[in-house]
Structure formats: C-alpha cells, structure tokens
Amino acid sequence: MSIQERIDSDLKDAMRAKDMTKLGVLRMLKSALKYAAIAKSDAEAQLSEAEAAQVIRKQAKQRQDSIESFEKGGRAELAKKEKEELSILNAYLPQAMSADELAKVVRETIGEVGATAKTQMGAVMKALQAKVAGRVDGKALSTEVQKQLQ
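A tally of helices and strands in the protein chain yields seven helices and zero strands. Helices and strands appear in the protein chain in the N-to-C order α-α-α-α-α-α-α. When the backbone C-alpha atoms are referred to their principal axes, the protein chain occupies close to 55 × 45 × 25 Å. When contacts within the protein chain are restricted to residue pairs at least 6 apart in sequence, those whose partners lie at least 24 apart make up 56%.

And the structure:
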C-alpha cells in the first residue's frame, strides 16, 4: 500500500471516528500532495513514494518550526496542538536512521567517493542523498559529513 493510499484509508477512518485533529491533518496532507502532483506535471499525476515522503517531511518541518515559535512566545496550548499534528505526520514518514547507522553510511560513502577533504563534501552529499532517501534530516547529514571529513 502506497503512502497516498494509506492516507486516503486513514482519512476515511478518521471521518468515521470523528477524530477532528487527525482528519484536519490528513486533509491538509492530501491537499499538499495534490499540489505537489500538480506542480510536477498535472492534477492526475501520481507522486513517487520518495516525492510523497518529501512533501510529508516538509509539512512536518513546518510543524516543528511552529512548535519552536509557539514555545518561545509562551503559547503552550498552540504548541501542544502542533505537537499532536506532528506526531500524526511522523507516522507516515519512513523510519529515521539511528546515529550509528548514519555514521556507518557516511563512512562507507566517503570511502566510495574517495573524499579526503572538506572541499569534496559536495560529491559526498550528492552520493549520500541517493542512499539515505529522506531517512535523515539534511542538516544532520551535513554535520556528520563535516565531522568525518575533518
């Protein structure tokens, strides 16, 4: 079952259960996926699993940023709502890599590319992006590559 099919199924379940929070998040997510498909080519286009995961990751990042802003502003009730939405979105993302797995993949890729200095970081990052396929945040990936290339 693809991510989009799972979202459609869960959307129907949320309607039946009258779970308004989940229903709202899934409607927003379905809309974001449709917009991404339209931007890709046309309204009838299907996104690949990787593209759909990227859209979900972007929505999750927006929630994370909102949580930080609300907590800085002393709006705990809004931060709590965003955290609930974030947990729903995270259920649709592929499982993240652990720090040990990330370090191992970075080490192997540096060996494959033959990188020895920070100036070759771009080549390593390009090779890694294909390998990790969105299972790691770009910032964490960049930090690990920099650490290992020193």
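Turning to the pattern of salt bridges, a few remarks are in order. Following the criterion strictly, the structure yields 11 salt bridges and no others. The closest approach of N and O atoms between Glu-51 and Lys-40, which form a salt bridge, is 3.2 Å. Here Lys-40 lies in helix 2 (residues 20–40) and Glu-51 lies in helix 3 (residues 49–72), a separation of 11 residues in the sequence. As a salt-bridge pair, Lys-83 and Glu-71 come within 3.0 Å of each other at their nearest N and O atoms. Of this pair, Lys-83 sits in helix 4 (residues 76–90) while Glu-71 is found in helix 3, placing the two residues 12 residues apart along the sequence. The class of Glu-71 is partly exposed, set by a relative accessible area of 44%. What emerges from the salt-bridge pattern is a single network uniting Arg-63, Lys-81, Glu-82 and Glu-85.

There is about 240 Å³ of room inside the second largest pocket. Lining the second largest pocket are 12 residues; nearest its centre among them are Gln-4, Asp-8, Lys-30, Lys-34 and Gln-46. Of all the secondary structure elements, the ones that give two or more residues to the lining of the second largest pocket are helix 1 (3–17) and helix 2. The element that contributes the greatest number of residues to the lining of the second largest pocket is helix 2, accounting for four residues. For the lining of the second largest pocket, the per-class residue count stands at six nonpolar, two polar and four charged.

This brings us to helix 1. Taking 1.5 Å of rise per residue, 15 residues should cover 21 Å, and helix 1 covers 21 Å from first to last C-alpha, within 8% of that figure. Buried residues of helix 1: Ile-3, Gln-4, Ile-7, Asp-10, Leu-11 and Ala-14, and no others. All buried residues of helix 1 lie within an arc of 120° about the axis, which places them on one face of the element. Exposed positions of helix 1 whose direction lies more than 90 degrees from the buried face are Lys-12 and Arg-16. Against helix 2 and helix 3 lie the buried residues of helix 1. One or two residues past the end of helix 1 sits Lys-18, with phi positive at roughly 60°.

The contact between helix 6 (residues 121–132) and helix 7 (residues 138–149) brings their axes to 11 Å, and the two run at 135°. Looking at the two axes, helix 6 sits oblique to helix 7. Seen from above, helix 6 lies across helix 7 with right-handed handedness. Contacts between helix 6 and helix 7 involve Met-121, Val-124, Met-125, Leu-128, Gln-129 and Val-132 on the former and, on the latter, Gly-138, Leu-141, Ser-142, Val-145, Gln-146 and Leu-149. Tallied by class, residues from the contact of helix 6 with helix 7 come to eight nonpolar, four polar and no charged.

Quick look at the nonpolar core now. Within soluble globular proteins, side chains that are nonpolar generally end up buried alongside one another. By size, the foremost hydrophobic cluster in this structure holds 24 residues, and its most contacted members are Ile-3, Ile-7, Leu-29, Leu-33, Ile-56, Leu-89 and Tyr-92. If you list the elements that add at least two residues to this core, you get helix 1, helix 2, helix 3 and helix 4. A total of seven residues in this core trace back to one element, the largest contributor, which is helix 2. Residues Ile-110, Val-124, Val-136 and Val-145 belong to the second largest nonpolar core, which totals 15 residues.

So, how was this worked out
- Residues numbered from 1 in each chain as written.
- Predicted model: local features only at pLDDT ≥ 70, side-chain atom pairs only at ≥ 80, totals over all residues.
- Heavy atoms only, no water.
- Helix = DSSP H or I, 4+ residues; strand = E, 2+ residues; numbered from the N terminus.
- Contact = heavy atoms within 4.5 Å.
- Salt bridge = Lys/Arg side-chain N within 4 Å of Asp/Glu carboxyl O.
- Buried < 20%, exposed > 50% of the residue type's maximum accessible area, 1.4 Å probe, protein only.
- 1 Å grid on protein atoms, 1.4 Å probe; cavity = no way out; pocket = protein on both sides within 12 Å on 5 of 7 lines; lining within 4 Å.
- Points joined across faces, edges and corners; volume = space filled by probe spheres on them.
- Nonpolar A, V, L, I, M, F, W, Y, C, P; charged D, E, K, R; others polar.
- Expected span 1.5 Å × (residues − 1).
- Arc of directions from axis to C-beta.
- Axes fitted to C-alpha atoms, helices over the stretch in contact; angles between N-to-C directions.
- Parallel < 35°, antiparallel > 145°, perpendicular 65-115°, else oblique.
- Left-handed = near helix turned anticlockwise from the far one by under 90°.
- Core = buried A, V, L, I, M, F, W, Y, C linked by side-chain atoms within 4.5 Å.

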